[in-house]
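Commentary on secondary and tertiary structure
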Amino acid sequence: MSARKIIIDTDPGQDDAVAILLALASPDEIDVLGLTAVAGNVPLDLTSKNARIICELAGKVDVPVFGGCDRPLSRKLVTAEHVHGKTGLDGPDLPDPEMQLQEQHGVDFIIDTLRAHPAGRITLCPLGPLTNIATAFQKAPDVVDKVAEIVLMGGAYFEVGNITPAAEFNIYVDPEAADIVFRSGVPITVMPLDVTHKALVTKERNDAFRNIGTPVGMAVAQMTDFFERFDKEKYGSQGAPLHDPCVTAYLIRPELFTGRHVNVEIETTSELTLGMTVADWWRVTDRTPNALFIGDLDADGFFSLLTERLARL
Ligand code: RIB
Ligand code: CA
């Protein structure tokens, strides 16, 4: 089977970094056409720099990186330096990138790539706020039907919020963008906190990253050493939840994940629950299912896949 062509839309972010490394380490399954950076964990100038740092760490400097939207559609940007540090990639000491950011805007790259391929060939993998995706759909409605699938990290149901009591960060930052994407009719697979909070980097698992014995293995171990503070303090968890790598692992081994095809709608008005993903998990309404909402994973299988692939870089 030929590799799946994808665009990764990202706000690196240590967990974005691991997701991107996993994709770049798996060329038989994933053909990364480009990375589009979006404002999220840290402002756009840092997410677009971090995306290039990660490509260089992976030795994949031929992957084009584009700068996208620097703020949500209609709200002030909320960032997460308290989780990811002021650079967004705190932990390892990685050199500034030499590769240049592409001239083209990330939204236009998404539009042009979808227009240049037959319908059903391109998968979009958003790992941050959905601003770039929604902007592309608004600017070029003709491309919506060309998207094969959107596999995204965002939202929560049983786990509820990580940035407010009700909302997960990616959706909360730009709920209007999320609403456009979830109403678009594009097939969507969602990796919410419900599953990503089960992908925890325990000490043993992080030692396995470190023991790969390469600059990539060491950098990933140092990223998770830094990134885990927030969740350990807040949830008392056993380690950092690897949110975004659930997206790229799903593309490689979907059988590691289980979920339900349900209706998911986005709260965009109530200040109390803004950005909540209201998933009709128990099908108590007649709302039309619009997303495969993932609730569980084989965590050991996920980490052995991740460790084996990172060792290839
Ligand atoms: O809530 C977790 C999500 O927000 C992850 O994608 C993390 O990188 C941040 O963007
Ligand atoms: Ca992210």
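Keep in mind it's a predicted model, so treat the numbers as computed, not measured.

The next thing to look at is the coordination of the calcium ion (ligand 2). Surrounding the calcium ion (ligand 2) are the protein donor atoms Asp11 (OD), Asp16 (OD), Asp16 (OD), Leu127 (O) and Asp244 (OD), which sit 2.2 to 2.6 Å from the metal. Counting gaps between the donor residues of the calcium ion (ligand 2) yields the pattern D-x4-D-x110-L-x116-D. Highlighted residues: Leu127 in the loop between strand S4 (122-126) and helix H5 (131-139) and Asp244 in the loop between strand S8 (240-241) and helix H11 (245-252), separated in sequence by 117 residues.

Taken N-terminus to C-terminus, the directions of helix H4 (residues 106-116) and H5 make an angle of 60 degrees; their axes are 9 Å apart at the nearest point. Considered as vectors, H4 and H5 are oriented oblique to each other. Seen from above, H4 lies across H5 with right-handed handedness. On H5, the residues touching Val107, Asp108, Ile110 and Ile111 of H4 are Asn132, Ile133, Thr135, Ala136 and Lys139. Counted by class, the contact of H4 with H5 contains five nonpolar, two polar and two charged residues.

Here we come to the packing of helix H1 (residues 14-24) against H11. Between H1 and H11, whose axes approach to 7 Å, the crossing angle comes to 20 degrees. In terms of axis orientation, H1 runs roughly parallel to H11. Crossing handedness for the pair H1 and H11: left-handed. Contact residues: H1 offers Asp15, Val18, Ala19, Leu22 and Ala23, while H11 offers Pro245, Thr248, Ala249 and Ile252. Here the contact of H1 with H11 is built from residues that sort into seven nonpolar, one polar and one charged.

Close contacts around ligand 1 come from 13 residues, with Asp15, Leu127, Glu168, Asn170 and Asp244 the closest. Note that an oxygen atom of ligand 1 is positioned 2.9 Å from one of the side-chain N or O atoms of Asp16. Here an oxygen atom of ligand 1 sits 2.7 Å away from a polar atom, N or O, in the side chain of Asp244. Within the complex, the protein chains bury 97% of what would otherwise be the 280 Å² of accessible surface of ligand 1. Secondary-structure elements contributing two or more residues to the shell around ligand 1 are H1 and helix H6 (169-173). When its residues are assigned to classes, the shell around ligand 1 shows three nonpolar, five polar and five charged.

In this section: the sheet that holds strand S6 (residues 188-191). Strand order in the open sheet made by the eight strands is S3-S2-S1-S4-S5-S6-S12-S9, with mixed pairing throughout. Each end of this open sheet is capped by a strand with a single partner; those strands are strand S3 (65-67) and strand S9 (257-262). The sheet shows a mean angle of 25 degrees between the axes of neighbouring strands, direction not considered. Docked against the sheet, H11 engages strand S1 (4-10), strand S2 (30-37), S4, strand S5 (147-153), S6, S9 and strand S12 (291-297), running at close to 140 degrees with respect to S5.

Below, the discussion takes up unusual backbone geometry. Negative phi is the rule for most residues except glycine; trans is the rule for most peptide bonds. One non-glycine residue, Val160, adopts positive backbone phi at about 45 degrees. With respect to the helices, strands and loops of the structure, Val160 is situated in the loop between S5 and H6. Although it is not a glycine, Arg283 sits at a positive phi angle of roughly 50 degrees.

Cut-off values and rules
- Residues numbered from 1 in each chain as written.
- Chains lettered and ligands numbered in written order.
- Predicted model: local features only at pLDDT ≥ 70, side-chain atom pairs only at ≥ 80, totals over all residues.
- Heavy atoms only, no water.
- Donors = N, O, S within 2.8 Å, 3.2 Å for Na, K, Ca; no water.
- Helix = DSSP H or I, 4+ residues; strand = E, 2+ residues; numbered from the N terminus.
- Axes fitted to C-alpha atoms, helices over the stretch in contact; angles between N-to-C directions.
- Parallel < 35°, antiparallel > 145°, perpendicular 65-115°, else oblique.
- Left-handed = near helix turned anticlockwise from the far one by under 90°.
- Contact = heavy atoms within 4.5 Å.
- Nonpolar A, V, L, I, M, F, W, Y, C, P; charged D, E, K, R; others polar.
- Near = heavy atom within 4 Å.
- Polar contact = N/O pair within 3.5 Å; in protein donor to acceptor, adjacent residues only side chain to side chain.
- Areas by Shrake-Rupley, 256 points an atom, 1.4 Å probe, with all protein chains shown as cover.
- Pairing = 2+ DSSP bridges.

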